[in-house]
Every structure is written in structure tokens, then in C-alpha cells.
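Descriptive structure summary
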Amino acid sequence: MRTPIAYFVVLSGVLFTLGTLGVLLRKNALLIFMSVELQLNAVNLALVAFSRMHLALDGQVLAFFSMVVAAAEVVVGLAIIVAVYRRRGTVDVDEARGLAG
Amino acid sequence: MPLDNVVFWVFAPISVASAVGMLLMRNAVHAALFLVVNFFCLAVFFLILDAPFLFAVQIIVYAGAIMVLFLFVIMLLGVDRGDDLRERLVAQRPLALALAAGFVIEIALAVRTGIGFATKAPAGFEAVNDPGNAQAVAKVLFRDYFLPFEVTSVLLIIAAIATMVLGQRKARAVTQAELEAIETTGP
Amino acid sequence: MDEISVRIGGSGLLWIVPALPLASAFLDLLLGRRLGKLAGLVASATVGLSFVMSTYLVFQLLDVASPEGRLVNQHLFDWISVGRFTVGADLRLDVLSATMILVVTGVGFLIHVYAIGYMQGDPRYGRFFAYLNLFVFFMLLLVLADNYLVLYVGWEGVGLCSYLLIGFWFEKTENASAAKKAFVTTRIGDTAMLIGLALIVREFGTLDFGTVLDAPGETITKGVATAIALLLFAGAIGKSAQVPLHVWLPDAMAGPTPVSALIHAATMVTAGVYLVVRSAPLFELSGVALTVVLIVGLVTALFAATCALAQDDIKRVLAYSTVSQLGFMFMAAGMRFYTGAMFMLVAHAFYKALMFLGAGSVMHGMHEETDLQRMGGLLRRMPITGWTFVVGALALAGIWPLAGFFAKDQILEIANHTGRTWIYLLGTLGALLSALYIGRLVFLAFFGSPRSEEAEHAHESPTVMTIPLVVLAAGAVLAGLLFSTSAEGTLARVLEPVTGPVPHGEGLSTLALSAIATAIALGALAVAWWVYASGRVEWLTLRERLQPLPRAARNGWYVDHAYSTLFVNPGTAAARFTANVFDTKVVDGLVNGIGAGTRRLASAVRLVQTGFVRSYALAFFLGAVGVLVWLGTRL
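Just so it is clear, the structure is predicted and the values come from calculations on it, not from any experiment.

Some details on the overall build of chain C
Looking only at helices and strands, chain C features 27 helices and two strands. Within chain C, the fraction of its 635 residues that count as buried is 52%. Taking the contacts inside chain C whose residues are at least 6 apart along the sequence as the reference set, 80% of them involve residues at least 24 apart.

Quick look at the overall build of chain B
Along the backbone of chain B there are eight helices and zero strands. Taken from the N to the C terminus, the helices and strands of chain B come in the order α-α-α-α-α-α-α-α. Within chain B, counting contacts between residues at least 6 apart in sequence, those at least 24 apart form 55% of the total.

Overview of the interface of chain C and chain B
Across the boundary between the two partners, chain C contributes 11 residues, which contact 11 residues of chain B. For the side of chain C that touches chain B, a count of residues per class yields eight nonpolar, two polar and one charged.

Some thoughts on the interface of chain B and chain A
In this assembly, 73 residues from chain B lie in contact with 60 residues from chain A. At 11 residues, the largest contribution of residues to the side of chain B that touches chain A is made by helix H3 (residues 52-77) of chain B. Across the side of chain B that touches chain A, the residue classes tally to 56 nonpolar, 10 polar and seven charged.

Focus on helix H15 (residues 338-365) of chain C
Residues and elements named next belong to chain C. With 28 residues, H15 should cover 40 Å at 1.5 Å per step; its first-to-last C-alpha distance of 40 Å lies within 8% of that length. Largest kink in H15: about 25 degrees, centred on His-348. Within H15, 27 of the 28 residues are buried, which leaves the element mostly enclosed by the surrounding structure. Within two residues after H15, His-367 carries a phi angle of roughly 55 degrees, on the positive side.

Some details on helix H4 (residues 125-144) of chain C
Between its terminal C-alpha atoms H4(C) stretches 29 Å, which fits the 28 Å expected from 20 residues at 1.5 Å a residue. The element H4(C) is extensively covered by neighbouring structure, given that 19 of its 20 residues are classed as buried.

Let's talk about unusual backbone geometry
Residue and element names in this part refer to chain C. Along the chain, Val-243 connects to Pro-244 via a cis peptide bond; the corresponding omega equals 5 degrees. Along the polypeptide, Pro-244 turns up in the loop between helix H8 (222-239) and helix H9 (248-251). Notably, Ala-241 is not glycine yet its phi reads approximately 50 degrees, a positive angle. Mapped onto the secondary structure, Ala-241 falls in the loop between H8 and H9. At Tyr-558, a residue that is not glycine, the phi angle is positive and equals roughly 60 degrees. Relative to the elements of secondary structure, Tyr-558 occurs in the loop between helix H25 (549-554) and helix H26 (559-606).

Remarks on the nonpolar core
With 216 residues, the main nonpolar core has Phe135(C), Ala341(C), Ala353(C) and Ala476(C) as its most contacted residues. Counting residues per element, this core draws most heavily on H15(C), which supplies 18 residues. Excluding residues that lie within four positions of it along the chain, Ala353(C) makes contacts with Val107(C), Ile111(C), Ala261(C), Ala265(C), Ala266(C) and Leu472(C). Ranked by size, the runner-up nonpolar core spans 78 residues in total, among them Ala6(A), Val23(A), Ile66(B) and Leu618(C).

What about the packing of H8(C) against helix H11 (residues 271-278) of chain C?
What describes two packed helices is the angle between their axes and the distance between those same axes. All names here are of chain C. The interhelical angle for the contact between H8 and H11, taken along N-to-C directions, is 160 degrees, at an axis separation of 8 Å. With respect to H11, the axis of H8 lies roughly antiparallel. Considering the relative orientation of H8 and H11, their crossing is left-handed. Note on element contacts: H11 touches H8 through Ala-271, Gly-272, Leu-275 and Val-276, opposite Leu-232, Phe-233, Gly-235, Ala-236 and Lys-239. Partitioning the contact of H8 with H11 into residue classes produces six nonpolar, two polar and one charged.

What about the pairing of strand S2 (residues 85-94) of chain C?
All names here are of chain C. With 10 bridges joining them, strand S1 (residues 71-82) and S2 adopt antiparallel strand pairing. The residue bridging Asn-73 from the neighbouring strand is Arg-92, located in S2. The antiparallel hairpin formed by S1 and S2 contains two residues in its connecting segment, where Gly-83 sits at a positive phi of about 60 degrees.

Describing the environment of Gly13(A)
Its place among the elements puts Gly13(A) in helix H1 (residues 5-25). Taking the C-alpha atoms as reference points, Gly13(A) and Val43(A), separated by 30 residues in sequence, lie 8.0 Å from one another. Those residues in contact with Gly13(A) that sit more than four places away from it in its chain are Val104(B) and Ile107(B).

Cut-offs used in this document
- Residues numbered from 1 in each chain as written.
- Chains lettered and ligands numbered in written order.
- Predicted model: local features only at pLDDT ≥ 70, side-chain atom pairs only at ≥ 80, totals over all residues.
- Helix = DSSP H or I, 4+ residues; strand = E, 2+ residues; numbered from the N terminus.
- Buried ≥ 20, exposed ≤ 12 C-beta atoms within 10 Å, placed from the backbone.
- Contact = placed C-beta atoms within 7 Å.
- Nonpolar A, V, L, I, M, F, W, Y, C, P; charged D, E, K, R; others polar.
- Expected span 1.5 Å × (residues − 1).
- Bend = angle between axes of the 7 residues up to and from the residue.
- Core = buried A, V, L, I, M, F, W, Y, C linked by C-beta atoms within 7 Å.
- Axes fitted to C-alpha atoms, helices over the stretch in contact; angles between N-to-C directions.
- Parallel < 35°, antiparallel > 145°, perpendicular 65-115°, else oblique.
- Left-handed = near helix turned anticlockwise from the far one by under 90°.
- Pairing = 2+ DSSP bridges.

What follows is the structure in C-alpha cells.
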């Protein structure tokens, strides 16, 4: 493969940044959650890229674990969002302002 | 073969574009679908980085399970109607964009200092992936990372239980009147 | 010469003398209301017991054959022990302190008895006797002290009791003001005295009388001695109401009359004289200090005598008289005639206390009237009071053979014999004025015809008040004869180990001087009779014609006014400024400002907590980027 590894890492950075922007700029809780998933995936990409560079499989295993945990997290997170929706009737995070000073 | 180079330069823009699309979509379902496209691109990247196992897992787990869950919940809650894209927090957008730009530049600089933009992937990864990527990963996973593996399985069980608890609706206490009503009217 | 303390019979009991009044004071303070009338009896009995104990101890002391050996020290406990500086709670009984304790307890006892009658019916009867006893305790502590610090404790204690007692009827504001004035004025002297004490510590390393007063010339220079002596004398000026700190004594007459008698005639004001005589070895080292004492005494004697001549309030005449007589005592001390000062102290205690108690008796019989212009003809209506008062007056005027004659005559004789002609002449003038003002007082109050309703219906006081008058009168008569102070006299011989020999010199013969003094005194009394009692002179018109001098004298030559303008008014203004401007604006402003500022800051910072999760997320991101930048620069 002739693509320099750095390109993959930079791409991973860009995707991570886009995910962060999603977390900061969207109001829908589900969309924020999806942005977090994007972040996690970007990191997975970086891990695998470095694994390739170092000629070891640890990065891939780590990416694997990340996926598993992300799956568990999504399940719980969605359950929470549903519970919150049942209580408040909205998934707008801006509505959760109870701790304002 | 310069094929993998081409693959990279085709799918990289697609992945970035789909990420941006996800960000900008007002409809939540549309955004979810864009994210699925992004995951597929990433799966392809895993493939060209000599990680076919992860390529498969990415598609099956992420695109196949997680995003499906997302879509279920979106449609269940009916929040696909449309998000108000007006920003009400002062300076949130400009500041976030500025910081994001700075962040990307930092990453690039860090990479350049660290490994340099010219380093190519070293040869010899076939030796690592000796019998096949899945077997090699399995060997590492069940030997060196056995404990995390077991812990992760416990984690999954806990997540399942937690979700069940969180998803419960509280049962209303049955009143005396209701009990009598049931008895008089018969089973 | 080292001091050798002897053991005499009962010397271990020295501490009982001051302890008894202290115990009784506490008893009366705590149980005064329950004791009721008994409080007065308990208080008087305690002082009486102290007197008996003092007499016993003094006789034991005098039994010691050698004059130098008449010294008893009692160390009660270690009080201060810091490094090499130690001060013990030490008592000392020598001939000087023996004289004082006899006067304090003796006269004190009589005044307590008198007060049983005088203060009858007062709602705070028990408290009065508690304060009176407390005063006796502190005074005894003062004179029995064996070091300057215990003396200072007694000094301050009597000042405190004086304040409490002057302002005893504090419901009237002027009484409370008078008490405050007394306390503050003496404070000025006390502060100087404290500096003197500090100097003593610095030079001698100790405050014990034994060390400091035993040949101090070997330890300190003349200059230092002058400084110490003058500072101690400053304290005496305050406490003994000499010019310029005399202003509190006339106003102190606001207190009950027994207080005036005890504190402001017989004992507290004499503490200054005691201090100077006790510190004689220090004063001897400095001719300057002695001269200052002499001049201050002389000026005070004359100044106060003129003021006494112009007062219409019976107690104020006596107050200024006390100031004047104390001036005479300091004159004696200034001429190194310490025995003379001490004898005059004793004599004055008798006749002045007598006259104050007599004045109280007059006030009692005239429903608290003190204006001389409303009295008259009281001799017939209050015979015991009247005649004992006359005895006291004659003693003050210096008529032979009463005590005052010996006291004043000896002092003037020493002045003459030591070649101090001006002192002699001015002192004689002072004696003349003394006879004049006391004559005026007696003739206006007791002779002539009554000039008001109260004088018309005046009645004699109860026995409990008149008996002390008689006893004091006897003392005024006999003291001179018994303790004549010529160089061969008993008191001089007794006091010599402590005070040194009586100075002598050449001059007019004793007989001549006595004759001159008696003639002047009788002449002054005759003039007083002519002007005030014979009815042949309209003295009120005479006074009018001499204005503004009598008015100035009446107002103490406007010294009080001067102090008011120079010190009191600026002080009050400063206090008012501090309270109203500085305190409210600056201090309160600062404190409240801090509170307000904190509140404003909090209100501003509060806005950070928007409640929006996304803002918080942005803050995280900001921090993360910041950390990365920082890490980047470190690469």
C-alpha cells in the first residue's frame, strides 16, 4: 500500500473533529449520540492504521474492544434517551436546564 | 499496485462528505443514513489496512446493529420530524468552528512531527497475518487479551440488564375497586 | 547597708491586715442585699480588726531595739518570673509603712462607722461598703508593698475605687462625669509613673524596694535618677491633685461625703506623698527633682488657697483646701524634710477627715444643702458637729497646741533654717490664706444668724455619725503633742532609718518663728470674723466690687476651661469624627464593600452556569485544545 500512514491518521483527526462539532452544535440528543459514535469510529481508524505501521495486531484488537464497548454503550444510552423522552416529551438537550445558576 | 492509493483517495472524500452531511441534516433519519455511509467507508479503510476481520465486524456490528438500533429509536420516538437549526447559544457556533479548525491543524502538526507525512506502511504484514487475519487476531485476543475479553463479556451482560431496567414502565398499584371489578365481571 | 528582715511576734500575719478588708468587700459584694444593715457593721468591724492587727504589729516592730532592724518582709508568692526579672507579691512593714497603715485603718475605721449612719436608706448600701472596703484593701496594698509593682497595683486599685465611689450615685450624669474626669486625669500621671517603673527595671533589673532604694547612687547616674524621680513625681501629681492635674479633686466632691473624707482627704491623695517619701533615696540623687517637687508644692499651695477663698460650696472649699495642704506636704518633701511631710500627712488626715465628716453632718442636717450662703448659726443647732468642726479648723489654721500648728510651723521653720527665704515668705503667705479661708468657712456656716429655712430647722446628726467626729477631734488635738517633729521629736526618731535625718540649719529661733506663725494665723482668723461673722461688713458687696478676681478664683482661675479648650474639645471632636465619619464611611464602607463586592462578583460568575450542556461541552473542548497546544509547544 502506498498511501502514507499519516494520511489515515489525519483523516481520522478530521472525522473526529467533525464528530466533536456534531456534539457541540446539534440539539437533538440522538444526533449528539450519533456524533459520539462517529468520534469513536475515527479513533478506531487511527488505531488500525498505527497497528499496520507497527506490524502488530494490538491495535486491531483494541479497535475490536472499542467496538464491543461502543455497542454496549449505545444500548444503554438509547435506553436512557427513551426514558428521558418518556418523562419530558422531548429529546432537546437545551431543555435540560435545571442546573442553571 | 496503485489500486489502494486510488481506493483511499476515492473513499476519503466520501467519508468526510457523509460525515458533514450527517452534521447538516435536519431530519434525524437522513443523518443516520449518512452515518451508515460513513461506516461503510471506514470498513473499506480497514480492508486496505490489512484488517479484513475488522472490516467484517464493522459492517456487521456498527452499520448492521448499532445504526439499526438508532433508527428504531428515532422512529419510535417520532423525533424525525425536524430539528430547529437556529443556534440560540451565544458564540457557540463561531467558537466551536474555530476550535475545530485549530484542533485539526494541531493533529496534522503532531502527525508531521511524529511520523512524518512520507512514511509509508512497512512491508511484511503478511507475516503478522500468518494463517489469516481472523486466526491471528483470535490468537492475540484469547492469549494476550484474555482478561479484557472476559470483562467485556460481563460488561455486555450488565448493559443488557441495565437497558431492561431503564426501559421498564412502572406498574401502577391495583386499587381495591379495580380488584372487585375484576372479580364481579369474572376472569 | 544590707537590709535585714527581722521576725517579730505575728510577722507572719502581716498579710491579714489587707486581707480582711478584701474578704469583707467580697462578702458585701456578693451578699450585700441579703445582709442589709449588717453590711455596714461587717465592713466597719473588718477595718477595725485590721486596725487592731496593725497596732499590734507596729508595737511589735517598735519593740525591736535597733532602729535599723525595724523591718519585716513577707513574701506571699512568686508573681512574675521572666528570665532574670522576677517580681514577688511582697509585703513590707517598716516604720514608714507602719505610720501609713495606722492612719489608713484608724481613720478608715472611723469613717466606716460614720458612713453607717450617713448612707442609711441608700438602695445600694451594701455595694457602698463593699467599694469602701475594697478601697481600704488597695490602699493597704499600696503602702505595704515591698516593690514598685505591687505598689502600682494598689495605686491603680485605689484609682478604680475612687472612680466607683465618686460615681456612686451615677444616676446623675454629673456624678458619672466627675468620676470619669478623676480617672482620666490621674491616668495621665499613672502613665508617666509606669514609664518611670520601666526605667527602674531597665537600670536596676528589679523593682524591689530593698535593692532599688539601697544606695541607688552606685547603680545609676544623676541624670537617670532625675528622670525616674520626675516620672514618679508625675504620678504623684496626678494622684495627689497637684497643679496642673488638680482639676479632678473639686469635682470629685460629687461623691458621698464619707468618700470625700476617706479618699480625698485622708488616704488616696496622700499616696503621692507616700510615694515621694518612700522613693527619697532616688530623689536625693537629683537636686533638680527635689526642686521641682518643692516648686510644684508651693505653687499648688498658693493657687489652691486662693481658689478655696472664693468657693461657696462647703465641700469645694474643703477640696481646694486639701489640694493646698498637699502642696505644703510636697514642699516639705522638696526640702528633704520627709518627716515633716509625713507628720503633716497624719495631722491632715485627722483634721481634714474631721471637717469633711462635719460637712457631711451639716448637709445631713440641712437636707443636702451645701451652699454656704444659705447656712449660718449652725453652732447652736448642731453643737457636736459645730464644735468639732471648729477644732478641725483651728488645727488647719495652725493654732497651738493643735496638730496643724506643729505640722506647718515645722515646715516653715525648716524653710527658714535652710536659707530658703522666698520659700519661707511664700509659705507663710500660704498659711495666712489657709487660716483666712477656713475662718471664712467656719464663720459663714456656724456663726451669725441662719440665712435660710434649712439652716433655721437644722438638727444634729445621729450618734453613729457624731462619735467619729469627736474621736477625730481628739486626734487633731493630741497628735501634735504626742508626736512633735522637731529633731528630737518622737516621729523624727522613729522615721529616721527610712527617711534620713531632719535637715537643720541656722536662722530665726524656733520661738520667734512660732510666734510669727501664730500671730499671722490669729490675725487671719480675726479678719475672717470681722468680715463674715460680725455682721459689720457686707461681704457680698465687697465681693462684687472686687470682680472679676473672685469669679476667676471661684472657677479655679479658669484652668478647667483651658483644659476643655485645649484637650477635651479637640478630643471630643476627634472622637465624633471617628465615630460618625470614619467608622460609618471608611470602616463600614470597607466591610460592607467587601460584602457587596463579593455579591457582585458572585452574580457575575453565576452567569457561567448557564445550564446548557452544550456550553459546558464547548468549555471541555476549549480546555482540551488548550492542553494540546501547550503540549505541542513542549515538543
